[in-house]
Amino acid sequence: QTNGTSDNYGILFNSSANNNIVTANNITTGGTSINNYGIYLYSSSNSNSITSNTIQTNGTSSNYGIYLSSSSNGNSLISNNISARGTSVYNYGIFIYLSSNNSLISNNISTRGTSASLNDYGIYLYSSSNNNLTSNTVSTNGVSANHGIYLSSSSNNTLTSNAISTNGTDSNYGIWLDSSSNSNSLTSNNISTRGTLDYNYGIFVYLSSNNSITSN
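Residues numbered from 1 in each chain as written. Predicted model: local features only at pLDDT ≥ 70, side-chain atom pairs only at ≥ 80, totals over all residues. Heavy atoms only, no water.

Visitor: Looking at this model, I keep getting lost on the sheet that holds strand E6 (residues 54-57). Mind explaining?
Guide: Strand pairing within a sheet occurs via backbone hydrogen bonds; the two strands may be parallel or antiparallel. On the basis of which strands lie adjacent, the open sheet formed by 7 strands has the order E3-E6-E9-E12-E15-E18-E21 and parallel pairing. Both outer strands of the open sheet, strand E3 (26-29) and strand E21 (190-193), are each paired with one neighbouring strand and no more. Direction aside, neighbouring strands of the sheet carry axes that sit 5° apart on average. Strand direction decides the pairing type here: strand E12 (residues 108-111) and strand E15 (residues 137-140), joined by 4 bridges, are parallel. Pairing of Ile109 across the sheet is with Val138, part of E15. (Pairing = 2+ DSSP bridges. Helix = DSSP H or I, 4+ residues; strand = E, 2+ residues; numbered from the N terminus. Axes fitted to C-alpha atoms, helices over the stretch in contact; angles between N-to-C directions.)

In structure tokens form, the structure reads like this:
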């Protein structure tokens, strides 16, 4: 358990940490300022197995359950239970940044921020390709701007049989393909968006091409 002011890490793999197994850990980070990470793989940390961990991030803002950064490729994230519940902006269950060929399978992810200006993301891919997202359960229940699965400039990813629920007041997105997120495959996902005001979308595609959306 880490509860400092900012930059709290439950487990940090720092640069080229490869072929590690992280299993059945109970991790809580709850800093009073920014940047709380449950598990952070930084810079070319490849082929790690992260399985069956329970992760809670409850800091004020910028909470990340699992963060893969900067060419952290070929990792397996399986059956983790993740809760991101900050009181201000930006809660992420799993964040994949500039990383490819990772498998996210059967994770249970919940984000529930309490700020009216919040952005909650179950799974966020930024400039990341060839990742497999299968059979994840994602629930985003912040006040507003809830995103189940969000892809930005991310292509050739496979999203299959995920169960996604977004239940904030407004601006709820089940799956958002944003800004050159091309040639992704979305198949057999179960999506529910239930905001009480405006802007609720099951699947939202913006400036993205050649995606396959089937049997959702």
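Visitor: I tried to follow the environment of Ile50 on my own but got confused; where do I start?
Guide: Structurally, the position occupied by Ile50 is in strand E5 (residues 49-51). Not counting residues within four places of it along the chain, the set of residues in contact with Ile50 comprises Val22, Ile39, Leu41, Ile66, Ser76, Leu77, Ile78 and Asn80. (Contact = heavy atoms within 4.5 Å.)

Visitor: Before we go on, may I ask you to explain unusual backbone geometry in this structure?
Guide: Note on backbone geometry: most residues besides glycine have negative phi, and most peptide bonds are trans. Backbone geometry at Ala24 places phi at a positive 60°, although glycine is not the residue there. If you trace the backbone, Ala24 turns up in the loop between strand E2 (21-23) and E3. In this model, Ser44 sits at a positive phi of 60°, which is unusual for a non-glycine residue. On the secondary structure map, Ser44 appears in the loop between strand E4 (36-42) and E5.

Visitor: Where do I start with the sheet that holds strand E19 (residues 170-178) in this structure?
Guide: Strand order across the open sheet formed by 8 strands is E1-E4-E7-E10-E13-E16-E19-E22, with parallel pairing between neighbours. Where the open sheet ends on each side, the last strands, each with one partner, are strand E1 (8-14) and strand E22 (200-206). Along the sheet, successive strands turn relative to each other by an average axial angle of 10°, direction set aside. As judged from the 6 bridges shared by strand E7 (residues 63-69) and strand E10 (residues 91-97), these two strands associate in the parallel manner. Paired with Asn63 across the bridge in E10 is Asn91.

Visitor: Sorry, what's going on with the side chain of Asn91 here?
Guide: Mapped onto the elements of the fold, Asn91 is located in strand E10. Given a relative accessible area of 0%, Asn91 falls into the buried group. One polar contact links Asn91 to Asn63, side chain to side chain, over a distance of 2.9 Å. In this structure the side chain of Asn91 is engaged in a polar contact, spanning 3.1 Å, whose partner is the side chain of Asp120. (Buried < 20%, exposed > 50% of the residue type's maximum accessible area, 1.4 Å probe, protein only. Polar contact = N/O pair within 3.5 Å; in protein donor to acceptor, adjacent residues only side chain to side chain.)

Visitor: Looking at this model, I keep getting lost on the environment of Ser79. Mind explaining?
Guide: Examined against the element boundaries, Ser79 turns out to sit in the loop between strand E8 (76-78) and strand E9 (81-84). When the C-alpha atoms of Ser79 and Ser52 are compared, they prove to be 4.9 Å apart, with 27 residues separating the residues in sequence. Dropping the residues within four chain positions of it, Ser79 is found in contact with Ser52, Asn53, Ile105, Ser106 and Asn107.

It is worth stressing that arrangement in space is one thing and function is another; only the former is reported here.
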